[in-house]
Amino acid sequence: MRRSRISDVALLAAALFFTLISIAPLLWMALGAFKTTAEMIAIPPVWVPDFTYWSNFATLFTKYWPNIANSLIVTLGATLLAMILALPAAFALSTMRVRGRNAIADWILSTRMMPPIAAAAPLFILFSAVGLLGSLPAMVLAYAGFNLPFAIWVSMSFFRQVPKELIEAARLEGCSWFQVLTRVAIPLSLSGIATVATFVFIFAWNEFMLALFLSNRGSQTFPVVISSFIGTGRIYWDYIAAATVIQCLPPVLFAVFMQRHIVSGMTMGAVKD
Amino acid sequence: MSSIDPFVERGPKATALSASAPMRRHQPRLWSGDRFQTGLFLWPTCLFLLVLTLFPFIYSVWLSLHFVRLTALHRKVWAGLDNYASLLTDQMFLAALRNTALLAVSSITVEVVLGFAVAKVFYELASRKWVNGLRSAYLVPMMITPISVGVIANYVFNPQLGVINQLLGAAGGSPVPWFGDPVWARISILLISVWQWTPFVAMLILAGLMSIRKDILEAARVDGARWWHILFRIEIPSVLPIIMLAVILRLIEVLRYFDVIYITTRGGPGDRTMVLTLFTYQQDFQYFQVGTGSAAAVVILILSIIVTTFAVRILRRIENA
């Protein structure tokens, strides 16, 4: 490919420009996390804050640590539950002989596409009927439920790559299907499974709407707390900035380290990157 | 798909065929006869999915056929299709329907055009190692927490303190009222949604561009094709299925767009940025009108099912290609 120096520079400039637009708003908010209340509302704005000023984070952590903990518990719980339920099902659908396999797989895929809002009132009623409303387990169950289709579908594509000969050999040696799953299929697709679990973790960490009506004062997750910062009263932008940094840290790390998998993950594995 | 896993699709009918292959003589014993185990693997998960997703959807339909308040569920009165009829005369609902359609058409159009441009830039630079770093940074908006996207939007679009109006002022422009103005509020939501989702569309198209075989491009160049020939005759036709997929997946996301609007305009001013999800949420949890809310939910559900039907087909086709 021959290209002139000028068009090379133009391409680079364009790439930098697009990237800048993408990250500038988040960076600007992140700078605010190091500003005092006064600096935050100063006109003209304080462009470069004092990065040794960490009091916003300290205040936020001491005051809202329970909510951050709620977020972590719900996210980890949902990820764990979703994977425990997804792996055997994905293995059965991808490897074992199942009647109506394609129909079941399509049904699972289509539940992934359904909007959670359409299940909002029924879930609210269901959880209040069983006395779980406002509890962390309610959110764990709901988050796991809505992420399960994704976890099953993408895990299936990893299990399909496990060589059939190995499974056959394990079966000949007298392994039960459960042993084939835990000793052959899962170890061989570990990196893929880790990717799926990380995706579920981020989706659950980012979830807001379900938490909005499933949580109560004590069980509020961090996104719900952040949303309550933007209200009718006085808005403390310095705390909000610090909260945004905390909330966005896992997804940003995810984007940086998992970049290669994001396209295939977001298209349910249909598009390989 | 059958080329990848030759075993799974075989029902009883195929046994004769597989038995003829000497390697697979033990197949019936190895690959089946475990109804119980298969069930154990599949049923708990399916049951969970039924209770947590399918049941709520069906229950929504049932609720939508009743006059019922969230605070008095036991006093349920059969309503037939009355809730749907009242939706048709509800100005707020009609606005939500219009705005959702408007947001879908405008944001997806901009995202596809802009996304293609971005993808092309990254594609041309793909041979450089450091471009991976830029790509990671570029796709940050699609991964960060949507509620934070809304919070950041509140911050930068703030009429007095917001950095955008400050920069506009410094450049000699006049401040823009953003969320406070009926027209600007819609433009703001469009801008946020485009900011948030163009990376997704761009990265999809980039994956499509990368999968074009290099020898085809070389052959075209050798034959004297200019860049616009390559663009219109090879690149755009090749990524068209991917663009279709992007449009479908984005439609699904627009139908569930909630967090950002909830935290920025909350549907206002008036009904100018009201969307179906927010309308449903407010009916259910602010006015406790679960009947009306569920009827709106069913409308979203039907729209989603239509989109999903296409989505499942396209996903399967691209995956099998």
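This one's a predicted model, so the numbers in the text were calculated from it and none came from an experiment.

## Some words on the overall build of chain B
Helix and strand counts for chain B stand at 15 helices and 2 strands. Scored against the burial criterion, the 321 residues of chain B give a buried share of 55%. Across chain B, contacts joining residues at least 24 apart in sequence account for 65% of those joining residues at least 6 apart.

## Remarks on the overall build of chain A
Looking only at helices and strands, chain A has 13 helices and 0 strands in total. Listing every helix and strand of chain A by position from the N terminus yields α-α-α-α-α-α-α-α-α-α-α-α-α. Dimensions of chain A, computed from the C-alpha atoms along their principal axes, are close to 75 × 65 × 35 Å. Taking contacts inside chain A between residues at least 6 apart in sequence as the whole, the part at least 24 apart equals 72%.

## A closer look at the domain arrangement of chain B
Residues and elements named next belong to chain B. Taken as a whole, chain B is organised into domain 1 (12-78) and domain 2 (83-320). Inter-centroid distance (C-alpha atoms) of domain 1 to domain 2 is 33 Å. Every contact between the two is made by 12 residues of domain 1 and, on the other side, 14 residues of domain 2. Of the roughly 1,000 Å² buried where domain 1 meets domain 2, counting both sides, 65% is carbon and sulfur surface. The largest share of the area that domain 1 buries against domain 2 comes from S64, R69 and L70, three residues that together contribute 47% of it. At the surface where domain 1 touches domain 2, the tally comes to 0 salt bridges. Our enumeration of links across domain 1 and domain 2 arrives at 6 residue pairs in polar contact (both at pLDDT 80 or more). At 5 residues, helix α3 (residues 35-64) tops the list of elements feeding residues into the side of domain 1 that touches domain 2. Counted by class, the side of domain 1 that touches domain 2 contains 7 nonpolar, 4 polar and 1 charged residues.

## Considering the packing of helix α1 (residues 5-32) of chain A against helix α6 (residues 131-138) of chain B
The contact between α1 of chain A and α6 of chain B brings their axes to 8 Å, and the two run at 35 degrees. Every pair of crossing elements has a handedness; the one defined by α1 of chain A and α6 of chain B is left-handed. The segment α1 of chain A lies against α6 of chain B, with A15, L16, F18, T19, S22 and I23 of chain A engaging L134, A137 and Y138 of chain B. Tallied by class, the residues present in the contact of α1 of chain A with α6 of chain B amount to 7 nonpolar, 2 polar and no charged.

## Things to note about the packing of aromatic side chains
The geometry of an aromatic ring pair comes down to the distance between the two centres and the angle between the two planes. The final tally for this structure, using the stated rule, is 36 aromatic pairs over all chains. Measuring from ring centre to ring centre gives 6.4 Å for W28 of chain A and Y155 of chain B, while their planes differ by 20 degrees; the resulting arrangement is stacked. Of this pair, W28 of chain A sits in helix α1 while Y155 of chain B sits in helix α8 (residues 146-156), on two different chains. Relative accessible area serves as the criterion here: at 11%, W28 of chain A is assigned to the buried category. Taking 5.6 Å as the distance between ring centres and 80 degrees as the angle between the ring planes, the aromatic pair formed by F157 of chain B and F179 of chain B counts as edge-to-face. Here F179 of chain B lies in the loop between α9 (163-170) and α10 (182-210) and F157 of chain B lies in the loop between α8 and α9, a separation of 22 residues in the sequence. Chaining the aromatic ring pairs together yields one cluster made of F124, F208 and F213 of chain A together with F258, Y262, Y281 and F285 of chain B. In this structure, K35 of chain A is placed above the aromatic ring of W28 of chain A, and the distance from its NZ or CZ to the ring centre is 4.0 Å. Its end group placed over the ring of Y262 of chain B, R266 of chain B keeps NZ or CZ at 4.0 Å from the ring centre.

## Some points on the interface of chain A and chain B
With 114 residues of chain A at the interface, the matching set in chain B holds 107 residues. With both chains or domains summed, chain A and chain B bury close to 10,200 Å², and 73% of this area falls on carbon and sulfur atoms. There are 1 salt bridge connecting chain A and chain B. One salt bridge in this structure joins R128 of chain B and D8 of chain A, with 3.2 Å as the shortest N-O distance.

## Re the pairing of strand β1 (residues 66-69) of chain B
Working note: regular strand, side chains alternate between the two faces of the sheet. Residue and element names in this part refer to chain B. Only one face of β1 is buried: it carries H66 and V68, and the other face, with F67 and R69, is open. Bridge count for β1 against strand β2 (residues 72-78) is 3 bridges, and the pairing is antiparallel. Its bridge partner being in β2, F67 is matched across the sheet by V77. Connecting the antiparallel pair β1 and β2 is a turn made up of 2 residues.

## A short note on the side chain of T145 of chain B
Along the chain, the position of T145 of chain B falls in the loop between α7 (140-143) and α8. By relative accessible area, T145 of chain B is classed as buried at 0%. Among residues more than four places away in sequence, those in contact with T145 of chain B are W205, N206, Q247, C248 and P251 of chain A.

## Structural notes on the pattern of salt bridges
Residues and elements named next belong to chain B. This structure, assessed with the given rule, holds 6 salt bridges over all chains. For E218, the salt bridge identified is with R221, shortest N-O distance 3.6 Å. Highlighted residues: E218 and R221, both in helix α11 (residues 214-222), separated by 3 residues, approximately one helical turn. Among the residues examined, R221 registers a relative accessible area of 31% and is labelled partly exposed. Where salt bridges share partners, they join K120, E124 and E235 into one cluster.

## Some remarks on a nonpolar patch on the surface
Residues and elements named next belong to chain B. A cluster of nonpolar residues, L97, I302, L303, I306 and F310, forms a patch on the protein surface that exposes about 420 Å² of accessible area. Position of F310 relative to the elements: it lies in helix α15 (residues 290-320). F310 sits in the partly exposed class, given a relative accessible area of 45%.

## Considering the environment of W153 of chain A
With respect to the helices and strands, W153 of chain A occurs in helix α6 (residues 136-159). W153 of chain A sits in the buried class, given a relative accessible area of 4%. Between the C-alpha atom of W153 of chain A and that of V196 of chain A, which follows or precedes it by 43 residues, the distance is 9.7 Å. Residues in contact with W153 of chain A, not counting those within four places in the same chain, are A105, D106, L109 and M268 of chain A together with R316 and E319 of chain B.

## Let's talk about the environment of V98 of chain A
Considering the arrangement of structural elements, one finds V98 of chain A in the loop between α3 (55-94) and α4 (101-113). Look at V98 of chain A and you get buried, because its relative accessible area is 13%. Among all residues touching V98 of chain A, those that are not within four sequence positions of it are A92 and I104 of chain A together with T38 and L42 of chain B.

So, how was this worked out
- Residues numbered from 1 in each chain as written.
- Chains lettered and ligands numbered in written order.
- Predicted model: local features only at pLDDT ≥ 70, side-chain atom pairs only at ≥ 80, totals over all residues.
- Heavy atoms only, no water.
- Helix = DSSP H or I, 4+ residues; strand = E, 2+ residues; numbered from the N terminus.
- Buried < 20%, exposed > 50% of the residue type's maximum accessible area, 1.4 Å probe, protein only.
- Contact = heavy atoms within 4.5 Å.
- Domains from an automatic or database assignment.
- Buried area = accessible area lost by both parts, 1.4 Å probe.
- Salt bridge = Lys/Arg side-chain N within 4 Å of Asp/Glu carboxyl O.
- Polar contact = N/O pair within 3.5 Å; in protein donor to acceptor, adjacent residues only side chain to side chain.
- Nonpolar A, V, L, I, M, F, W, Y, C, P; charged D, E, K, R; others polar.
- Axes fitted to C-alpha atoms, helices over the stretch in contact; angles between N-to-C directions.
- Left-handed = near helix turned anticlockwise from the far one by under 90°.
- Phe/Tyr/Trp six-rings, centres within 6.5 Å; stacked < 30°, edge-to-face > 60°.
- Lys NZ or Arg CZ within 6 Å of the ring centre and 35° of its normal.
- Pairing = 2+ DSSP bridges.
- Patch = residues over 30% accessible without salt bridge, like charges linked within 9 Å, V, L, I, M, F, W, Y side chains within 5 Å.
- Areas by Shrake-Rupley, 256 points an atom, 1.4 Å probe, with all protein chains shown as cover.

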